[in-house]
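# Topology and contacts: notes
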There are 2 protein chains.
Amino acid sequence: MKVEKISELTTNRLSIYLRCLNELAAQGAKTVSSDGLAKTFHLNSAQIRKDLAYFGEFGVRGVGYYIDELRKHLTKILGLDKRHCVGIIGAGRLGTALADYYGFAQSNFTVAALFDADQNKIGQKVGAVEIFDIKNFAETAEKYKIDVAVIAVPAEFAQDVLEQIMNSGIKAVMNFAPMPLRVKGDVKIKNVDLTISLESLSYFLAKPSNKNGKILKPNAAKNRIKK
Amino acid sequence: MKVEKISELTTNRLSIYLRCLNELAAQGAKTVSSDGLAKTFHLNSAQIRKDLAYFGEFGVRGVGYYIDELRKHLTKILGLDKRHCVGIIGAGRLGTALADYYGFAQSNFTVAALFDADQNKIGQKVGAVEIFDIKNFAETAEKYKIDVAVIAVPAEFAQDVLEQIMNSGIKAVMNFAPMPLRVKGDVKIKNVDLTISLESLSYFLAKPSNKNGKILKPNAAKNRIKK
DNA sequence: TTCGGCTAGTTATATTTTTCACAAAATATC
DNA sequence: GATATTTTGTGAAAAATATAACTAGCCGAA
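Below, the structure is looked at part by part. A quick note: this is a predicted structure, and the numbers were derived from the prediction, not measured. (Residues numbered from 1 in each chain as written. Chains lettered and ligands numbered in written order. Predicted model: local features only at pLDDT ≥ 70, side-chain atom pairs only at ≥ 80, totals over all residues.)

Residues and elements named next belong to chain A. Relative to the elements of secondary structure, phenylalanine 132 occurs in strand β7 (residues 129-133). With 43 residues separating them in the primary sequence, phenylalanine 132 and isoleucine 89 have C-alpha atoms 9.3 Å apart. Not counting chain neighbours up to four residues away, the residues in contact with phenylalanine 132 comprise Ala113, Leu114, Phe115, Ile122 and Thr140. (Helix = DSSP H or I, 4+ residues; strand = E, 2+ residues; numbered from the N terminus. Contact = placed C-beta atoms within 7 Å.)

Below is the structure:
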């Protein structure tokens, strides 16, 4: 069996295509060509065709793609036809905000439980979601059939939390801690690194081409005062 | 004047390097080689050297990089030596969670104001940050010297909000709405798309290689019932 | 039924990004 | 002071990704 390696850039774009198709469907369109899709949403038509072609021949030459049909295919490919259960570790501001983040439900994810180490928080509820003791993570995760974990704890605790997650057999992790984590085996980790995004914006605002300045290349060795 | 185009992948890594250096400095290290850095944090040493070399000769052959010195350089390059003021549009769960997100302060960003359209929220405070009427965005942004905007509103309002942001002259935007936005001119937008991250995890859990299944390539045209 | 127009799927090309490998330059040692 | 050792900075090779060009298939009209 030949398994073609599919790039994450490709699968990320599938999410985008699905969104675009949903919008078109809401507008009442029945079919769309790769070129139409590209023009409307500022994408590249060759890339759309290529991305889709990894998974099947979904289009009809001379017509394009049947929107409803393609939506079903993409939903299946992305595994969005199966419900996933999410456990969020860290019941601080971020964790609780995520607990009722609309996007989870939209993508067929249900937040099943929050976890924290703070005894004062345990037993409380955020919306319909209860906060459990992180000490009982494995049991609670099993009980609630959690298959996706979200790390929303301070950076210094993130690796420890990840170890617990991996020990409980969970294979998919979303990490909000600004810290590169070490993963074992076939666990998939998605880093959502707000710090990098912020600093990227800061770089953009500071960069010489935005100030008509010049890049000065200092030379560490030459400028050093001899000892 | 030759301005070398620097990839965003490179600048993103500079953030990571800075973090790693901070950690090493906290441990008391004075110098580090690209190889040492790479081994400790699971990076590629050639890439570290190349990334840094775009901006100057910061290292000393035979020694490596002086940690404090390199930290200063990276801080300067990333513009983290200058304070930035952030305005968050959307005072819902996400917006308010971001308002006191620790990472902002860490990267020298100050959240100066929240904005919302809901009259009930206007005038309230989240921590030290007041919620203002989105109608007065431009004036308030100017008053508080806001140079970075964060879009934390539902997808359907995101483009409108972005237009207002761009009209007010702000050049750096972080967008949490799962919607590709149209940017004009030299405005920099960073998309933080949780939906894509989630669906990427969903794909990982669903993908055939995780289930020993086989990719079936349907053929839209051949399978279609003739009209 | 044939032909022309359109559009998917695919092959080829270009671009970007990463990795390798080595000369040059600094330090440490004898 | 010569020499061995270390490690940078960088040009070249490799890999990954994106774009363009082409081929073949489907539809609809005459």
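Once you've had a look at it, read on.
This next bit is on the protein's contact with DNA strand D. Close to DNA strand D lie 29 residues; A:Arg61, A:Gly62, B:Ser33, B:Gly59 and B:Gly62 are nearest. Mapped by element, the contributors of at least two residues to the surface near DNA strand D are α3 (45-53) of chain A together with α2 (34-41), α3 (45-53), β3 (64-66) and α10 (220-223) of chain B. No other element matches the five residues that α3(B) contributes to the surface near DNA strand D. (Near = placed C-beta within 6 Å.)

Further remarks concern the nonpolar core. Within the largest apolar cluster, 130 residues are counted, with the highest numbers of intra-cluster contacts made by A:Ile88, A:Ile89, A:Ile151, B:Ile88, B:Ile89 and B:Ile151. Ignoring sequence-local partners within four residues, the contact set of B:Ile151 consists of B:Ile89, B:Gly90, B:Ala158, B:Val161, B:Leu162, B:Val173, B:Asn175, B:Phe176 and B:Ala177. (Core = buried A, V, L, I, M, F, W, Y, C linked by C-beta atoms within 7 Å. Buried ≥ 20, exposed ≤ 12 C-beta atoms within 10 Å, placed from the backbone.)

Attention now goes to the interface of chain B and chain A. By a frequent convention, interface size equals the accessible area lost on bringing the separate parts together. At the interface, 65 residues of chain B touch 65 residues of chain A. When residues in the side of chain B that touches chain A are grouped by element, the largest group, 13 residues, is from helix α9 (residues 194-206) of chain B. Residue composition of the side of chain B that touches chain A, by class: 33 nonpolar, 17 polar and 15 charged. (Nonpolar A, V, L, I, M, F, W, Y, C, P; charged D, E, K, R; others polar.)

Let us look at the environment of A:Val126. Residues and elements named next belong to chain A. Secondary-structure assignment places valine 126 in strand β6 (residues 125-126). Remark: the alpha-carbon pair of valine 126 and serine 200, spanning 74 residues in sequence, is separated by 33 Å. Sequence-distant contacts of valine 126, defined by excluding residues within four places in its chain, comprise Ala91, Thr96, Ala99, Asp100, Leu114 and Ile131.

A few words now on the pairing of strand β8 (residues 148-151) of chain B. Residue and element names in this part refer to chain B. In β8, alternate side chains face the same way, and those of Val148 and Val150 on one face and Ala149 and Ile151 on the other are all buried. Taken together, the four bridges between β8 and strand β9 (residues 172-175) define a ladder with parallel strand orientation. Of the residues in β9, the one forming a bridge with valine 150 is methionine 174. A crossover connection joins β8 to the parallel β9 through helix α8 (residues 155-167); in handedness this β-α-β unit is right-handed. (Pairing = 2+ DSSP bridges. Right-handed = clockwise from strand over helix to strand, strands pointing away.)

Moving on: the sheet that holds strand β1 (residues 31-32) of chain A. All names here are of chain A. Strand order in the open sheet formed by three strands is β1-β3-β2, with antiparallel pairing between adjacent strands. Whereas interior strands pair on both sides, the edge strands pair on one side only; in this sheet they are β1 and β2 (59-60). Its contacts with the sheet place helix α4 (residues 67-77) against β1 and β3 (64-66), and it is angled at close to 75 degrees to β3. (Axes fitted to C-alpha atoms, helices over the stretch in contact; angles between N-to-C directions.)

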